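# Structural overview
For reference, the chains in residue letters:
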Amino acid sequence: MNLELTQQIRDQARGLLKSGTVKGVIGYERASDGLTARPFFAYELTGTDQLIFDETCSHNLVKYLLDKKGEKMAVVVKPCDSLAINLLLNEEQIKREMVFIIGVSCTGVVETAWNQKSQTLQARCQTCRLPKPVVYDFLAEQEPIRRLEGELYPDILEMEAKPIASRREFWHEQFGRCIRCYACRQICPGCYCPECFAEQLSPLWVGIRIALGENELWQTNRTLHLAGRCTGCNECERACPMDIPLSLLNRKLEKEMEELFSFRAGLTSEEQPPFATFRKEEKLGFEE
Amino acid sequence: MEEVRIGVYICHCGSNIAGTVDVAQVSQYAGTLDSVVIARDYKFMCSEPGQEMIGRDIKELGLNRVIVASCSPHMHEPTFRRVCEEAGLNRYSFQMANIREHCSWVTEDHEKATEKAQALVQAAVRRVFYHEPLEIREVPVNSNTLIVGGGIAGIQAALEIADSYHKVYLVEREPSIGGHMIQLDKTFPTLDCSACILTPKMSQVGSHPYIELLSYSEVEEVSGYVGSFKAKIRKKARYVDEEKCTGCGLCQEKCPWKVTSEFDMGLGQRKVIYTPFPQAVPNVPVIDRQNCAYFQKGKCRACEKFCEAGAIDFEQEDKLVEVEVGNIIVATGFQTFDPSIATQYGYGKFDNVITGLQFERLCNATGPTGGNIQLKDGSIPRSVALVHCIGSRDENYHDYCSRVCCMYALKHSHLIKEKTNSMVYQIFTDIRCFGKDYEDFYQRLVKEGVNFVRGKVQQVTSANGKEADQGRLIITAEDPDNSKVTQVPADMVVLCAAIESQQDANEVAHILSISRKADGFFLERHPKLDPVATMTEGIYVVGCCQGPKDIPDTVSQASAAAARVLALISKGKVEIEAATSIIDEEKCSGCRICEFLCPYGAISFIEDKEVCRVNEALCKGCGTCAAACPSGAITSKHFTTEQIMAEIEGVLV
Ligand SMILES: Cc1cc2nc3c(=O)[nH]c(=O)nc-3n(C[C@H](O)[C@H](O)[C@H](O)COP(=O)(O)OP(=O)(O)OC[C@H]3O[C@@H](n4cnc5c(N)ncnc54)[C@H](O)[C@@H]3O)c2cc1C
Ligand code: SF4
Ligand code: SF4
């Protein structure tokens, strides 16, 4: 446990609950394996002592704000998670005055499983360039330990270098395993439509059979709906019970958005994502 | 649900379609499709007998859906919708399949064309199955009109409309109205003095009770639609109070600072506080801030001291005015090609190489030389060459013909002959005198002894080889037919610079939501049959902003647009789109993407329900929102997902 950060979070949470500023605090507590972390909702002063922070705090807690729209909540966010806050603010799903953001200056989290934790940082942390959250009300700080340099998308470049046929083969193998449990969607902070296209029956946009073609359609559509919106928290990949490397899809689009529009989702809450704007002067290569 | 009974009509369009598509086969095929009660083919569906045939079938066979497979909806959808309505159906029971532009015109392969025509008909049949009647609504037309640009085009249109007792806002960006015509000396072919025929109209505009002139102003934003537009206009600060100024002109006399005059095309000078020319309307000067000693150096204010009316106001600021209008006429005119870009003509290098517009000023009695045609050094030229097609009909610049240069070059020749003993050369590629009485004018000039030399000018050089403008100029021209090279000596060269679209035409097009052609001029709805309307209803284009033209044509267009506007005003109402969008509040997540995207501001957010809603009066049914809604909560009526899916399936089977 990172004592320095944990203490700051607990103090902050206690103060917020005591003064009645928030109804509850969404943070992390130690899981029952005694090793990893799990989400925790502190509504009572006593509960704040359960709050922790360390390298096992992988979950993006921002998603929970969508269920708590009516009440003011505090939420603990890592730099990567904070991007999702801006996304939801931009898309009018949460109100700024209804959240108190406890930012953490994180130095990376590790892969965990029940009663296991790895020694190396998660892949996304290895390319993360954010030293602190992009939006916060309070910042739990520690000495910044690392400065990253180098290639931002090594995984994508590697994928792009492969011939089409082998990429197709790769994805067919991956999508073939999808069981359409929709865990990726349920956990995604950007997926909040009251009725997802995958479940609409009239018209039936995508069949509900678990078959390669339809799985593929589901996954490509899911990814495309997040173009310019995915903030890279990678919860989908973590949640996927079939270990489908969804980050390769999401990050490919992230890279395209950066190259085409110099846009990264969630950096501000003001800038509309490119696919939600319409400018008459944009010709996109037509009409020239 | 009532039984769907479809009638399908395949048009031959003479041989336009029937020449490539086996229409009989398509019609026979259509007859076999689900719910099709009757399928026929006919020579011209749009003809009287064609229309009657449909009407009769609707009544006798109880059709409730009609498909015509013919040309584009742009051409004849209104025709056939009307036929349906006259026979008692809702106009949205109709669907058009384009088997001409999308089919017969784009291939010579009869078999494939027939196959595609069948697919398009199948698509329409499947689609029309899901059509629903929509309610047609009307909204009142605001009787005010906005006219942008106060050249002869804008002036003419303004007067015609205002004389019928309807309010006009005339926006002109320069300090005075008049446009290019007020710079001209005489006008071809009748040679009447340009100012003499224009200034009466200008002063009428200035004092007309139904015209509100907003000079030195620009339109910044336009919203709304035909019948009710809103426009934001920026009135630039003149630093002179229009209410107080009496137009006495003392300030201009007393201002100690001179700069080159734009109105005299750089040949003369004007004061820093100025009206561009004596007959300016409104007769209120402006202070040229960039050159004003007080604004730039903090000292002077001479004008203020002498102004008895106390009209000078250095504190004045730009003002934003909002107006509501039902129609908009765009009359922003043209600019002339800058010949210094084409260095071979020596413009900007030799003092006595000038443009046609500069010549107009030189010739004019109120111009910089008091109307004397003279060289830079004051002497009278012994020979003048008028060079045609500078930047026009030239693949390097503009492909098109500027239409007025031949005629004004002839006019200039006449004026030179009249005022001097100079030799005159016309160096032309083709002489185009197309207008009424123009050929007579040409014949007259031939008799006056003008020398006509056929050739495309290659270069203009100095006779003594010096760079500086000493002595004669030599024009080298090549005959396009036989490549024969001719050299013509001249003291003065007048370049007939092309008429081109305004530099800011793109911004203006954006503000007004109208289009431009590749040549830069604004695009009319139809080049022959609808030359003043645009694709945006309620917005018209007139004069040289639509393409190069002379004054008679400009005035005709202006009157035509005025007639269109008055027709709409007298009708008093316009039908608004019935195929609007609706939002399913159950599916809406309240992300508000649609609200920001809607180009017509038709969507608003309902705070307490946290969903968006479409205002049907404002919605134009463009479908932007329906395409963008991530939750699929929006349906564009008449373009429902069901209809489009059915259509796609129809093409694919
Ligand atoms: C050298 C020369 C000689 C000619 N001689 C003849 C002749 O003898 N006989 C003849 O029939 N034709 C002649 N013409 C053609 C004639 O000048 C045009 O037909 C006529 O001027 C077209 O009028 P217009 O109102 O369309 O455009 P313009 O005269 O260009 O007027 C446009 C007006 O709109 C204003 N404006 C532009 N943009 C904006 C904006 N964004 N907002 C507000 N205001 C704006 C401008 O300031 C201007 O006042 C000649 C042309 C040239 C170049
Ligand atoms: S885009 Fe769709 S979900 Fe978003 S506010 Fe509009 S209707 Fe609702
Ligand atoms: S279809 Fe949608 S975007 Fe288009 S005008 Fe209507 S509401 Fe606006």
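Please read all numbers here as calculations on a predicted model, not as lab measurements. (Residues numbered from 1 in each chain as written. Chains lettered and ligands numbered in written order. Predicted model: local features only at pLDDT ≥ 70, side-chain atom pairs only at ≥ 80, totals over all residues. Heavy atoms only, no water.)

### As for the domain arrangement of chain A
Residue and element names in this part refer to chain A. Domain annotation of chain A identifies domain 1 (3–140) and domain 2 (154–276). Relative to domain 2, the C-alpha centre of domain 1 lies at a distance of 24 Å. The partner domain 2 presents 27 residues to the 18 residues of domain 1 that form the contact. Considering only the surface of domain 1 that becomes buried against domain 2, Lys63, Leu83 and Asn90 emerge as the three largest contributors, covering 31% of it. (Domains from an automatic or database assignment. Contact = heavy atoms within 4.5 Å. Buried area = accessible area lost by both parts, 1.4 Å probe.)

### As for the sheet that holds strand β7 (residues 138–140) of chain A
As a general point, the strands of a sheet are linked pairwise by backbone hydrogen bonds and lie either parallel or antiparallel. Residue and element names in this part refer to chain A. One open sheet accounts for five strands, arranged β2-β1-β3-β4-β7; its pairing is mixed. Strands with a single pairing partner mark the edges of an open sheet, and in this sheet they are β2 (37–42) and β7. Averaged over all neighbouring strand pairs, the angle between strand axes comes to 30 degrees, with direction disregarded. Pairing analysis gives three bridges linking strand β1 (residues 24–30) to strand β3 (residues 73–77), with the strands arranged parallel. Among the inter-strand pairings, Val25 is bridged to a residue of β3, identified as Ala74. Contacting β1, β2, β3, β4 (99–104) and β7, helix α1 (residues 3–18) runs over the sheet at an angle of about 165 degrees to β4. (Pairing = 2+ DSSP bridges. Helix = DSSP H or I, 4+ residues; strand = E, 2+ residues; numbered from the N terminus. Axes fitted to C-alpha atoms, helices over the stretch in contact; angles between N-to-C directions.)

### Here we look at empty space enclosed by the protein
Under the criterion given, the structure shown has nine cavities of 30 Å³ or more. The computed volume of the largest cavity comes to approximately 120 Å³. Here the residues of the lining of the largest cavity are counted per class, giving nine nonpolar, five polar and three charged. (1 Å grid on protein atoms, 1.4 Å probe; cavity = no way out; pocket = protein on both sides within 12 Å on 5 of 7 lines; lining within 4 Å. Points joined across faces, edges and corners; volume = space filled by probe spheres on them. Nonpolar A, V, L, I, M, F, W, Y, C, P; charged D, E, K, R; others polar.)

### A look at the interface of chain A and chain B
Contact with chain A, which involves 19 residues of that partner, is made by 17 residues of chain B. Buried area between chain A and chain B, both sides added, is near 1,600 Å², and the carbon and sulfur share of it is 56%. Here chain A is connected to chain B by two salt bridges. Notably, a salt bridge pairs Glu610(B) with Lys95(A), separated by 3.2 Å at the nearest N-O pair. In this structure, the connection of chain A to chain B is made through four residue pairs in polar contact (both at pLDDT 80 or more). Per-class residue counts for the side of chain A that touches chain B are seven nonpolar, five polar and seven charged. (Salt bridge = Lys/Arg side-chain N within 4 Å of Asp/Glu carboxyl O. Polar contact = N/O pair within 3.5 Å; in protein donor to acceptor, adjacent residues only side chain to side chain.)

### Side note on the site of ligand 1
All names here are of chain B. The environment of ligand 1 is formed by 37 residues, the closest being Glu172, His180, Lys411, Lys549 and Ile551. His180 has a polar side-chain atom sitting 2.7 Å from an oxygen atom of ligand 1. A distance of 3.5 Å separates an oxygen atom of ligand 1 from a polar atom in the backbone of Ala331. A total of 1,000 Å² of accessible area belongs to ligand 1 in isolation, and the protein chains cover 97% of it. Taken together, the elements giving at least two residues each to the shell around ligand 1 come down to α5 (152–162), β7 (168–172), β8 (186–187), α10 (356–363), α11 (405–419) and α14 (551–571). (Near = heavy atom within 4 Å. Areas by Shrake-Rupley, 256 points an atom, 1.4 Å probe, with all protein chains shown as cover.)

### Side note on the site of ligand 3
Neighbouring ligand 3 are Ser581(B), Cys598(B), Tyr600(B), Ile603(B), Val614(B), Cys619(B), Lys620(B), Gly621(B), Cys622(B), Gly623(B), Thr624(B) and Cys625(B). Of the residues in the shell around ligand 3, the class split is seven nonpolar, four polar and one charged.

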